[in-house]
Amino acid sequence: MPLRDFLLLFFFLDLGARLDLSSLGAQALPAALFSVFVLVGNPLIVMAIMGAMGYRKRTGFLAGLAVAQISEFSLILGAMG
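Remember, it's a predicted structure, so these values are computed and weren't measured experimentally.

**With respect to the packing of helix α2 (residues 28-52) against helix α3 (residues 57-67)**
Put simply, α2 and α3 touch, their axes get as near as 8 Å, and they point 145° apart. Of the two elements, α2 crosses α3, and the hand of that crossing is right-handed. On the side of α2, the interface is formed by Asn42, Pro43, Val46, Met47 and Met50, while α3 contributes Thr59, Gly60, Phe61, Ala63, Gly64 and Val67. Classifying every residue of the contact of α2 with α3 by side-chain character gives seven nonpolar, four polar and no charged.

What follows is the structure, given as structure tokens:
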């Protein structure tokens, strides 16, 4: 674990060094829309699916909250690909 954390530090430092801030303004609206979808839309979809599967509303709500948090690491790898 300590080695992984140490190497992860270098990964994010390298990623930050390559960051191009000139296109930041053009990406603000798409980033905001994507964030709203992930934080609101994704839990609602999970709640609907769990409701259709017969789970209680509380269980669907808690599962929806759990999947609302996505890893920024997957977004970084997707963008780099």
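Right, picking up where we left off after that structure.
**Some points on a nonpolar patch on the surface**
Taken together, the side chains of Val36, Leu39, Val40, Leu44, Met47, Phe61, Leu62 and Leu65 define a hydrophobic patch exposed on the protein surface, amounting to about 730 Å² of accessible area. Secondary-structure elements contributing two or more residues to the nonpolar patch are α2 and α3. By residue number, the principal contributor to the nonpolar patch is α2, which donates five residues. With respect to the secondary-structure elements, Leu44 resides in helix α2.

Reading guide: rules and limits
- Residues numbered from 1 in each chain as written.
- Predicted model: local features only at pLDDT ≥ 70, side-chain atom pairs only at ≥ 80, totals over all residues.
- Heavy atoms only, no water.
- Axes fitted to C-alpha atoms, helices over the stretch in contact; angles between N-to-C directions.
- Helix = DSSP H or I, 4+ residues; strand = E, 2+ residues; numbered from the N terminus.
- Left-handed = near helix turned anticlockwise from the far one by under 90°.
- Contact = heavy atoms within 4.5 Å.
- Nonpolar A, V, L, I, M, F, W, Y, C, P; charged D, E, K, R; others polar.
- Patch = residues over 30% accessible without salt bridge, like charges linked within 9 Å, V, L, I, M, F, W, Y side chains within 5 Å.
- Areas by Shrake-Rupley, 256 points an atom, 1.4 Å probe, with all protein chains shown as cover.
- Salt bridge = Lys/Arg side-chain N within 4 Å of Asp/Glu carboxyl O.

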